[in-house]
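Residues per chain are reported as follows:
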Amino acid sequence: THWRLVSWLHRVGDNLIVVAAFFLTYYLRDSFLEAANKYGLPFPQGLKVLGEVERYFVILAFGLLAFNAVLAILGAYRSMRFLTLWQLARLVGVASATAFLCEGFLLFIFKLDLSRSYVAIFCLLAGVGLFCERVLVLVLLRMLRVRGKNFRNLLLVGTGAQARKLYLEISREPELGVRVVGFVSIGGKDAAKEAASEVYDLPARVVADEESFEAALKKHAIDEVLF
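Residues numbered from 1 in each chain as written. Predicted model: local features only at pLDDT ≥ 70, side-chain atom pairs only at ≥ 80, totals over all residues. Heavy atoms only, no water.

## Some details on the pairing of strand β1 (residues 152-157)
Turning to step 1, where the next piece is worked out: Burial of β1 is extensive: five of the six residues sit out of reach of the surface.
Turning to step 2, where the next piece is worked out: After leaving β1, the chain enters helix α5 (residues 161-171) and then returns to the sheet as strand β2 (residues 178-184), a path that is right-handed. (Buried < 20%, exposed > 50% of the residue type's maximum accessible area, 1.4 Å probe, protein only. Helix = DSSP H or I, 4+ residues; strand = E, 2+ residues; numbered from the N terminus. Right-handed = clockwise from strand over helix to strand, strands pointing away.)

Dropping the structure here:
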């Protein structure tokens, strides 16, 4: 019901995380590089003086544009209902790497005398923040779904063994937030009685046939249909 508001809040949260990563990088860069050098990570030994933070606002502005564009293209603001942690990490990793390449291209084209390590740490911290934000949102949403909130209504077209198996699999994972409203029988009126007997042992019932299918979509406010 409120997906537009949720998507907008998600975008606002992402932008706030990118801004926070920018300022954290400015104030923690030296400490980060010293720790990296201590453990042999591939960062330069010499620390370039950053200068005034205002010089790096171009990095922030371009970073906001890059992260917003890449995340939108990758579908980061669609439903995370079926995403795994690995898929979330991959999505954020691709966005951070792309933003880093875009920032490097900007520095090269306009020959800006700004710290490359600053750009690298900025994109890294932004990526970590975006991933943690998504994990937190995913955990909170799954907690709500287990309690019967934030669910999507689903119709299963078919009443055979595969449909019944799928119904049972979905029912065992309430954290997905998918509620099977019922089944749709196929094969005409004559098949409706037989279809009802096929799912007699399940809580969900046959709620429509081929002729009443469209009306059932509206009556039960169906979000998704699986054939």
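## Digging into the sheet that holds β1
Turning to step 1, where the next piece is worked out: One open sheet accounts for four strands, arranged β3-β2-β1-β4; its pairing is parallel. The sheet is open, and its two edges are formed by β3 (205-208) and β4 (224-226), each paired on a single side. On average, adjacent strands in this sheet sit at an angle of 45 degrees to one another, irrespective of strand direction.
Turning to step 2, where the next piece is worked out: When β1 meets β4, the two strands line up parallel, connected through three bridges. Residue pairing for β4: L156 is matched across the bridge by L226. (Pairing = 2+ DSSP bridges. Axes fitted to C-alpha atoms, helices over the stretch in contact; angles between N-to-C directions.)

## Regarding the state of the cysteines
Turning to step 1, where the next piece is worked out: This model, assessed by the stated rule, comprises zero disulfides.
Turning to step 2, where the next piece is worked out: Unpaired in terms of disulfides, C102 finds its nearest cysteine sulfur in C123, a separation of 9.0 Å. (Disulfide = S-S within 2.5 Å.)

## Section: the pattern of salt bridges
Turning to step 1, where the next piece is worked out: Considering all chains together, one arrives at three salt bridges under this definition.
Turning to step 2, where the next piece is worked out: With a shortest N-O distance of 2.7 Å, E224 and R152 are connected by a salt bridge. With E224 in strand β4 and R152 in strand β1, this residue pair connects regions lying 72 residues apart in the sequence.
Turning to step 3, where the next piece is worked out: Linked through salt bridges whose partners overlap, the residues forming this network are D14, E133 and R134. (Salt bridge = Lys/Arg side-chain N within 4 Å of Asp/Glu carboxyl O.)

## Focus: the nonpolar core
Turning to step 1, where the next piece is worked out: Core analysis: the largest hydrophobic core is formed by 28 residues, its most contacted members being F22, Y56, I59, F67, L71, Y118 and F122.
Turning to step 2, where the next piece is worked out: Elements with a contribution of two residues or more to this core: α1 (3-38), α2 (57-73), α3 (85-109) and α4 (116-146).
Turning to step 3, where the next piece is worked out: Setting aside anything within four residues of it in sequence, one finds F22 in contact with V53, Y56, F57, L60, Y118 and F122.
Turning to step 4, where the next piece is worked out: Counting 12 residues, the second-largest nonpolar core is a separate cluster that includes L156, A163, V180 and F183. (Core = buried A, V, L, I, M, F, W, Y, C linked by side-chain atoms within 4.5 Å. Contact = heavy atoms within 4.5 Å.)

## Quick word on unusual backbone geometry
Turning to step 1, where the next piece is worked out: Phi angles above zero are rare outside glycine, and K111 is one such case at about 50 degrees.
Turning to step 2, where the next piece is worked out: Here K111 is to be found in the loop between α3 and α4.
Turning to step 3, where the next piece is worked out: The phi dihedral of A221 is positive, around 50 degrees, even though this residue is not glycine.

## Here we look at the packing of aromatic side chains
Turning to step 1, where the next piece is worked out: For the structure shown, the criterion picks out seven aromatic pairs.
Turning to step 2, where the next piece is worked out: Consider the rings of F22 and F23, whose centres lie 5.1 Å apart with planes at 85 degrees: the pair is edge-to-face.
Turning to step 3, where the next piece is worked out: Residue classification places F22 among the buried residues on the basis of a relative accessible area of 0%.
Turning to step 4, where the next piece is worked out: Seen in terms of ring centroids, F22 and Y118 are 5.7 Å apart; in terms of plane orientation they differ by 75 degrees. Their pairing is edge-to-face. In this pair, F22 is assigned in helix α1 and Y118 in helix α4, connecting sequence segments 96 residues apart. Across the pair, Y118 and F22 agree in class, each one buried.
Turning to step 5, where the next piece is worked out: Members of the aromatic cluster, joined through ring pairs, are F22, F23, Y56, F57, Y118 and F122.
Turning to step 6, where the next piece is worked out: The ring of Y77 carries R11 above its face, with NZ or CZ at 4.1 Å from the centroid.
Turning to step 7, where the next piece is worked out: Over the face of the ring belonging to F108 we find K111, whose NZ or CZ atom lies 5.5 Å from the ring centre. (Phe/Tyr/Trp six-rings, centres within 6.5 Å; stacked < 30°, edge-to-face > 60°. Lys NZ or Arg CZ within 6 Å of the ring centre and 35° of its normal.)

## What to know about a nonpolar patch on the surface
Turning to step 1, where the next piece is worked out: A contiguous nonpolar surface patch, about 510 Å² in accessible area, is contributed by L5, W8, L9, V12 and L16.
Turning to step 2, where the next piece is worked out: With respect to the helices and strands, L16 occurs in helix α1.
Turning to step 3, where the next piece is worked out: With a relative accessible area of 57%, L16 lands in the exposed category. (Patch = residues over 30% accessible without salt bridge, like charges linked within 9 Å, V, L, I, M, F, W, Y side chains within 5 Å. Areas by Shrake-Rupley, 256 points an atom, 1.4 Å probe, with all protein chains shown as cover.)

## With respect to the packing of α2 against α3
Turning to step 1, where the next piece is worked out: Packing of α2 against α3 leaves a shortest axis separation of 9 Å and a crossing angle of 140 degrees. Taken together, the axes of α2 and α3 are oblique relative to one another. You can see that α2 and α3 cross each other, and the crossing is right-handed. Listed contacts from α3 to V58, I59, F62, G63, A66, F67, V70 and L71 of α2 are L91, A95, S96, T98, A99, C102, E103, L106 and L107.
Turning to step 2, where the next piece is worked out: Taken together, the residues of the contact of α2 with α3 break down into 13 nonpolar, three polar and one charged. (Parallel < 35°, antiparallel > 145°, perpendicular 65-115°, else oblique. Left-handed = near helix turned anticlockwise from the far one by under 90°. Nonpolar A, V, L, I, M, F, W, Y, C, P; charged D, E, K, R; others polar.)

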